[in-house]
Amino acid sequence: MAVEHLNDSNFAEKTADGIALVDFFATWCGPCKMLGPVIEEIGAECDGSFSVYKVDIDECEDIAMDYGIMSVPTVAVLKNGVEVERMVGVQPKAVLLNAVANAKN
């Protein structure tokens, strides 16, 4: 599955059901650029049991405010639209996948 970019009009609908790994990022953010390929790799390898999304905080300020995003990159794991885990800063792939696995249990 490819990584889908979400915006104000589709965020709630796309994250309402199931498990979602959401990368809150900014185009000007160096660490976000480091994390980007990891997120893309997870999306490419995803077996369909969860979704992988990216949200540009500069384009989606309302979502960023709703989730209290204070620094980027921030990766949140949502289960049926509710945040169950949050990681700030560049994270290894294994840490991100472990967070998704924990949300499935």
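Above this note sits the structure.
In this text, all values refer to a predicted model and were calculated from it rather than measured experimentally.

Caption draft 1: Representation of the nonpolar core. Phe11, Val22, Phe24 and Val55 are the most contacted members of the largest nonpolar core, which has 20 residues in total. Of all the secondary structure elements, the ones that give two or more residues to this core are β2 (19-25), β3 (51-56), α3 (61-66) and β4 (74-79). Sequence-distant contacts of Val55, defined by excluding residues within four places in its chain, comprise Leu6, Phe11, Val22, Asp23, Phe24, Phe25, Cys60 and Ile63. The next biggest cluster of nonpolar side chains, apart from the first, holds 17 residues, and it includes Val3, Ile19, Val38 and Ile42.

Caption draft 2: Region of interest: the pairing of β4. Counted residue by residue, β4 has five buried out of six residues, so it is predominantly covered. One ladder, built from six bridges, connects β2 with β4; its direction is antiparallel. Residue pairing in the sheet places Leu21 in a bridge with Val77 of β4. Here six bridges tie β4 to strand β5 (residues 82-88), and the two strands are oriented antiparallel to one another. Looking at β5, one finds that Val75 is bridged to Met87. Taking the residues between adjacent antiparallel strands as the criterion, β4 and β5 are bridged by two residues, where Asn80 takes a positive phi near 50°.

Caption draft 3: Up close: the environment of Asp8. Relative to the assigned elements, Asp8 resides in the loop between β1 (4-5) and α1 (11-15). Separated by 42 residues in the primary sequence, Asp8 and Phe50 have C-alpha atoms spaced 20 Å apart. When sequence neighbours within four positions are dropped, the list of residues in contact with Asp8 reads Glu59, Cys60, Asp62 and Ile63.

Rules and cut-offs
Residues numbered from 1 in each chain as written. Predicted model: local features only at pLDDT ≥ 70, side-chain atom pairs only at ≥ 80, totals over all residues. Heavy atoms only, no water. Core = buried A, V, L, I, M, F, W, Y, C linked by side-chain atoms within 4.5 Å. Buried < 20%, exposed > 50% of the residue type's maximum accessible area, 1.4 Å probe, protein only. Helix = DSSP H or I, 4+ residues; strand = E, 2+ residues; numbered from the N terminus. Contact = heavy atoms within 4.5 Å. Pairing = 2+ DSSP bridges.

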